[in-house]
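Letter by letter, the chains look like this.
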Amino acid sequence: MFSIYKKELQSFFYTPFAYVMTALFMFLFTLMFNNALGNLEQPILQFTFPDIFYNVIFFFIFLIPILTMRTFADERKFGTEVLLMTSPVGVLQIILGKYLANITVFLFMIAGSAFFPIFTYLNGTLILNQLICAYIGFFAWGAMFIAVGMLVSSFTENSIIAAIIGEIIMFVFLFIDDFSRTDFIMQYPKLQSFLYAFAAQPRFAYFSQGFIRLSDLVFFASAIIICLSWNYIAIERRRWKRG
Amino acid sequence: MITIEKLTKYYGSNRAVNNISFTINDNEILGFLGPNGAGKSTTMNMIAGYLPMTAGKVTIFGSDITKEPVAAKKNIGYLPEIPPVYPDMRVTEYLSFCAGLKRIKFSERKDEIARVMKLLKIEDVQHKLIKNLSKGYKQRVGFAQALLGNPKFLILDEPTVGLDPNQVIEVRNIIKDLKKDHSVIFSSHILSEVSAVCDRVVIINKGDIKAIDTIENLEKTLGGNLTLHIKVKGDRTKTSNIIELTEGVQEIISIDAEGNDFFSFAVKLKEGAGDDTKNAIMSELIKHNIQISEIFTEKPDLEAVFVDMINKSSDKHGLQDLLDELGPATESESSEETDTEDEKEDDK
C-alpha cells in the first residue's frame, strides 16, 4: 500500500500538478478574502473565515474532480492496471493507497490556505475555535468528494469524462440543499427530509458555526466508506465482466 | 510446477479460450504459439491472475491463483503485451515503485534494481522519463519490472516485439539464461523465435490447443520428408538419372543451373529416408566421376509445420462434437451463472 501511496504522491508532486492546484486554490481564496476585507464596515471591522470557506466550496467543486480524475482512468489508459492487479497487492490496498495520496494533496492545498488566518492573526484578532471547526468541516467535505471523484474515475478510461461526471455529481450534492427547500418539495415532508439528509452543504454550515455534530461526522464517514467500497466492487466487477 | 487445468474463457457468448490444459515444468521454457487473436494474451492474463477465468484452474507452485492470489502472485513476473509503464516516471522511480509492489525488502531494493537494469542493459536510460524512451527501451523496462524480485515463474507476452534484431538476440539469450532457475511461458506468433528458445511448444488457435510437444517431435510427426540438396559439376541428365534411380528418392523438385557446369538439385526424399539415401547417391555420383561440391539434407520447414497445424481442420466428427458446435449458447449461459456467483463471492 505504501508504495502505491508514494507513487501517487510522486505523480502529483514531481509534476507541477499539485503546485498548480494549490496555486489555483490560493488564488480563489485570495479573491474571497479580498471581498471579505472590502466589505468591512465601521465600526465592527469583523469578518468570518467560515463564510469564506462556504463560498470557496462552490469553486472547489471544480478542483476536486481535476485532482481525482486520473486516479484510475489513467491506469486503464496506459495499461498499467495489469501491473497493479498482477502484483501481490490487494485491490483494497490499491484503493486506500490512492485515496490517502489524494487526501495528502488536499491537505497540502488546505495548508496553503492557512496563510490567510495567519495574516489575519498578525494584524488583528482571530476566533480560533470557530476556525478549527471550519477546517475540520472543510476537510471532511473534501475527503468525501475525493472518494466520489475516485469512484467516478474507476468507471471510465477517459479522465476528462471522469472529471465532468464528478462535477455533475458534486453539483447535485450542492443543489439538493436548495432543491429540498423549494415549495414543491416542502409539500411532501418525508421526501423533503429524505433529500435534505443528502445535502452536504448544511452539514458544513454546522461545522462553520463551530458545531461538531456526531451525525455530520457519521454522514461524511459513511459516504466515504460507501464510495470506497463501491470503488472496490466496480474494479472487481469490470475485471469479471470485461469483453 | 505450474498446472493449467481445463481453462476456459468466454467474453459474453464469445469463446476466447476453450478448455485448455497443460503444465509448465520447473526450469522449462514453454513456447506459446499461435496467430494473432488465438487467445494467447487472454490465457496469459488468466494465468497471471489479471482476468478471472470462466472455468478451470491455474495452480502456481501449489497456490491456486483465484483462491490464494497473493501467495500465487508472489511467484509471478508478468510482462504483458503492452509494457505496463507510467509515462511520467523515470526508469529508476518506476522500478523502485514496482519493487515496492512486489514487496521486496527496502534494504535489498537498490541492488535488485541495479541487477535487472544491468541484465537488460537499460542503465544508460535510468534517469530518463519513460515517455521519452523508444519502443524497444519501454519493452525492456517492462521486462525488467517482471524480473524484479527474481520470481520463479515468468509470463512473457511477446517480449521481443518492437526490438531491433540485436536486442532480440540479447533478450532471447536472457530468457535462455533464466531457464536455470525459472519456469517461463513465452508467447509469440513468430515460430523461429519459439524454436530458438523453447523446450516445448503449445500451439493454440481460436482458443483450442492444436499441439503440445517438443519442437523435434513436431517436426518428426508433422514435417514429413527431408529435402536433399546436391550441387554437382558434371552432366545434368546423367546426374538426374542417378538420383532418380536411387532408393529412397521420391522426386526431384528443382534443378538450377549455376554456370560453369554447376547444377543444384533439390530432391524430395521418401518418408523415413535419410543418410542412407544420401550416401548411396554420393557413391553413385563418385562412381560416375561427377564432382560433388555440396550435399546436405534439410529438415522440413518449421513455418510450414506451423501453418499446417493452424489450418488443420478439426478431426472431430463425432456426434458430441456436432452438439458442441450447436451448443455454445447454452454453455455461455451457464458460464455467466458461474460468473455472477463468483462475483457475489468477491463482493463479500
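As the structure is a computational prediction, the values presented were derived from the model and not from experiment.

1. A short note on the overall build of chain B
Check the secondary structure of chain B and you find 13 helices and 14 strands. The buried share among the 348 residues of chain B stands at 48%. Look at the contacts in chain B between residues 6 or more apart in sequence, and 69% of them connect residues 24 or more apart.

2. Notes on the sheet that holds strand β14 (residues 291-298) of chain B
Residues and elements named next belong to chain B. In spatial order, the strands read β12-β13-β11-β14; together these four strands make up an open sheet with antiparallel pairing. Every other strand in the sheet has two partners, leaving β12 (249-257) and β14 as the edge strands with one partner each. For this sheet, the mean angle separating the axes of adjacent strands, direction not counted, is 20°. In terms of strand pairing, β12 meets strand β13 (residues 262-269) through seven bridges, oriented antiparallel.

3. Some words on the pairing of strand β10 (residues 208-214) of chain B
Residues and elements named next belong to chain B. When strand β9 (residues 200-205) meets β10, the two strands line up antiparallel, connected through six bridges. Following the sheet pairing, isoleucine 204 is matched in β10 by isoleucine 209. Where β9 hands over to β10, the hairpin turn is made up of two residues, of which lysine 206 adopts a positive phi near 50°.

4. Quick word on the packing of helix α4 (residues 70-77) of chain A against helix α6 (residues 91-113) of chain A
Residue and element names in this part refer to chain A. Closest axis-to-axis distance for the α4/α6 pair is 11 Å, and the angle between their directions is 125°. Judged by the angle between their axes, α4 and α6 are oblique. Residues Thr71, Phe72 and Glu75 of α4 form the contact with α6, whose own contacting residues are Ile94, Ile95, Lys98 and Asn102. Taken together, the residues of the contact of α4 with α6 break down into three nonpolar, two polar and two charged.

5. Some words on empty space enclosed by the protein
This model, assessed by the stated rule, comprises four cavities of 30 Å³ or more. A volume near 230 Å³ is recorded for the largest cavity. Residue lining of the largest cavity: 15 residues in total, with Lys7, Ser11, Arg70 and Asp74 of chain A together with Tyr86 of chain B positioned closest to the centre. When residues of the lining of the largest cavity are traced back to their parent elements, those giving at least two are α1 (2-13) and α4 of chain A. As for the second largest cavity, its lining consists of Ser3, Lys6, Lys7 and Gln10 of chain A together with Glu93, Ser96, Phe97, Gly100 and Arg109 of chain B. Sorting the residues of the lining of the second largest cavity by element identifies α1 of chain A together with α3 (91-101) of chain B as the ones contributing at least two each. Broken down by class, the residue content of the lining of the second largest cavity amounts to one nonpolar, four polar and four charged.

6. Things to note about helix α3 (residues 49-68) of chain A
Across its 20 residues, α3 of chain A extends 26 Å between first and last C-alpha, which sits within 8% of the 28 Å expected from 1.5 Å per residue. The principal kink in α3 of chain A, of about 45°, is found at phenylalanine 59 of chain A.

7. Examining the pattern of salt bridges
Residues and elements named next belong to chain A. Inspection of every chain in the model, using the stated rule, returns 16 salt bridges over all chains. Across the pair glutamate 81 and arginine 238 runs a salt bridge whose closest N-O atoms are separated by 2.3 Å. Remark: arginine 238 occurs in helix α13 (residues 214-241) and glutamate 81 occurs in helix α5 (residues 81-85); sequence separation between them is 157 residues. Three or more residues are tied together by salt bridges with common partners; here these are Lys7, Glu8, Glu75 and Lys98.

8. Remarks on the sheet that holds strand β4 (residues 55-60) of chain B
All names here are of chain B. Taken together, four strands build an open sheet; the order of strands is β2-β1-β4-β5 and the sheet is antiparallel. Each of the sheet's edge strands pairs with one partner strand only, and the pair in question is β2 (14-24) and β5 (63-64). Sheet topology places strand β1 (residues 2-11) next to β4; five bridges connect them, and they run antiparallel. Considered in β4, the bridge of glutamate 5 is made with lysine 57. Contacting β1, β2 and β4, helix α1 (residues 40-48) runs over the sheet at an angle of about 120° to β1.

Rules behind the numbers
Residues numbered from 1 in each chain as written. Chains lettered and ligands numbered in written order. Predicted model: local features only at pLDDT ≥ 70, side-chain atom pairs only at ≥ 80, totals over all residues. Heavy atoms only, no water. Helix = DSSP H or I, 4+ residues; strand = E, 2+ residues; numbered from the N terminus. Buried < 20%, exposed > 50% of the residue type's maximum accessible area, 1.4 Å probe, protein only. Contact = heavy atoms within 4.5 Å. Pairing = 2+ DSSP bridges. Axes fitted to C-alpha atoms, helices over the stretch in contact; angles between N-to-C directions. Parallel < 35°, antiparallel > 145°, perpendicular 65-115°, else oblique. Nonpolar A, V, L, I, M, F, W, Y, C, P; charged D, E, K, R; others polar. 1 Å grid on protein atoms, 1.4 Å probe; cavity = no way out; pocket = protein on both sides within 12 Å on 5 of 7 lines; lining within 4 Å. Points joined across faces, edges and corners; volume = space filled by probe spheres on them. Expected span 1.5 Å × (residues − 1). Bend = angle between axes of the 7 residues up to and from the residue. Salt bridge = Lys/Arg side-chain N within 4 Å of Asp/Glu carboxyl O.

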